[in-house]
Amino acid sequence: MKLKSKLAGALLATGLAVSAVPLTAAPAQAAGKHVGVNGNESRCYSKGFYVCFYYSTWGNAYWGGYNDDANLGNNYYRSGTGSGSGQAVRNNARKIQCDSWAVSCESYYSPSYAGNFDWLWGGQRGELYYTWNDNASVRIVG
């Protein structure tokens, strides 16, 4: 207790205010961004995947999924589909496509659908913004 009193006295002597209320950080709200434009990439669309991530450009490696995935770390770009083939999908995507079957698709910064996210309507594709090379999970709203 004496240390607290001495510290408070020293702070007051320097003109700094002392508060008895502990400071706590409020949780940050996740930001979301619509990134979609109408259109499909034919390789993903023809395979019937509900959502696809692309390594870099539309012509590079892609990964397609049919369900929500809380951790993209155990998924890999399809072999033989271009630059990036065989690499992990998590934190390694620049573009996304959402099949027209889905209402929307959401790419999240963190596992288990947490943090900032990018989203698009079904039948759209786009370049990731918040989750560009930081995509850890994906949700398909159907």
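To start, this report covers the structure provided alongside it. Please read all numbers here as calculations on a predicted model, not as lab measurements.

1. Observations regarding the overall build of the chain
Right, on to step 1. Helix and strand counts for the chain stand at two helices and nine strands.
Right, on to step 2. Start at the N end of the chain and walk to the C end: the helices and strands fall as α-β-β-α-β-β-β-β-β-β-β.
Right, on to step 3. Here the chain holds 142 residues, and the buried ones make up 35% of them.
Right, on to step 4. In the chain, the share of contacts with a sequence separation of at least 24, taken over all contacts with a separation of at least 6, comes to 59%.

2. Thoughts on the packing of aromatic side chains
Right, on to step 1. Applying the stated rule across the entire model yields twelve aromatic pairs.
Right, on to step 2. Here the aromatic rings of Trp 119 and Trp 121 are separated by 4.8 Å at their centres, their planes lie at 85°, and the arrangement is edge-to-face.
Right, on to step 3. Aromatic pair Tyr 129 and Tyr 130: ring centres 4.9 Å apart, planes at 80°, arrangement edge-to-face.
Right, on to step 4. Taking the relative accessible area as the measure of exposure, Tyr 130 reaches 30% and is therefore partly exposed.
Right, on to step 5. In this structure an aromatic cluster arises from ring pairing among Phe 49, Tyr 50, Tyr 54, Trp 58, Tyr 62, Tyr 66 and Trp 101.

3. Structural notes on the pattern of salt bridges
Right, on to step 1. The full count for this structure, using the stated rule, is three salt bridges.
Right, on to step 2. Put simply, Glu 127 and Arg 94 hold a salt bridge, and the shortest N to O gap is 2.9 Å. Residue Glu 127 is located in strand β8 (residues 124-127), and its partner Arg 94 is located in the loop between β4 (62-65) and β5 (95-98); the two are separated by 33 residues in the primary sequence.
Right, on to step 3. Note on Arg 94: relative accessible area 26%, which makes it partly exposed.
Right, on to step 4. As a salt-bridge pair, Lys 95 and Glu 127 come within 3.3 Å of each other at their nearest N and O atoms. With Lys 95 in strand β5 and Glu 127 in strand β8, this pair connects stretches of sequence that are 32 residues apart.

4. Comments concerning the environment of Gly 64
Right, on to step 1. Inspection of the secondary structure assignment puts Gly 64 in strand β4.
Right, on to step 2. Between the C-alpha atoms of Gly 64 and Phe 53, which are eleven residues apart in sequence, the distance is 6.6 Å.
Right, on to step 3. Gly 64 has contacts with Phe 49, Val 51 and Cys 52, leaving out every residue within four places of it along the chain.

5. Overview of the nonpolar core
As a rule of thumb, soluble globular proteins bury nonpolar side chains together.
Right, on to step 1. Formed by 17 residues in total, the largest nonpolar core has its most connected members in Val 51, Phe 53, Trp 63, Tyr 77, Ile 96 and Cys 105.
Right, on to step 2. Every element with two or more residues in this core is listed here: β3 (51-54), β5 and β9 (137-141).
Right, on to step 3. If near-sequence neighbours (up to four positions away) are discounted, Ile 96 is found in contact with Val 35, Val 51, Cys 52, Phe 53, Tyr 54, Trp 58, Ser 107, Leu 120, Arg 125, Gly 126 and Leu 128.
Right, on to step 4. Of all hydrophobic cores here, the second largest spans five residues; its members include Cys 44, Cys 52, Tyr 54 and Tyr 62.

6. With respect to the side chain of Lys 95
Right, on to step 1. Looking at Lys 95, the relative accessible area reads 12%, which means it is buried.
Right, on to step 2. Engagement of the side chain of Lys 95 in a polar contact is seen with the side chain of Glu 127, the distance being 3.3 Å.

Thresholds, definitions, all that
- Residues numbered from 1 in each chain as written.
- Predicted model: local features only at pLDDT ≥ 70, side-chain atom pairs only at ≥ 80, totals over all residues.
- Heavy atoms only, no water.
- Helix = DSSP H or I, 4+ residues; strand = E, 2+ residues; numbered from the N terminus.
- Buried < 20%, exposed > 50% of the residue type's maximum accessible area, 1.4 Å probe, protein only.
- Contact = heavy atoms within 4.5 Å.
- Phe/Tyr/Trp six-rings, centres within 6.5 Å; stacked < 30°, edge-to-face > 60°.
- Salt bridge = Lys/Arg side-chain N within 4 Å of Asp/Glu carboxyl O.
- Core = buried A, V, L, I, M, F, W, Y, C linked by side-chain atoms within 4.5 Å.
- Polar contact = N/O pair within 3.5 Å; in protein donor to acceptor, adjacent residues only side chain to side chain.

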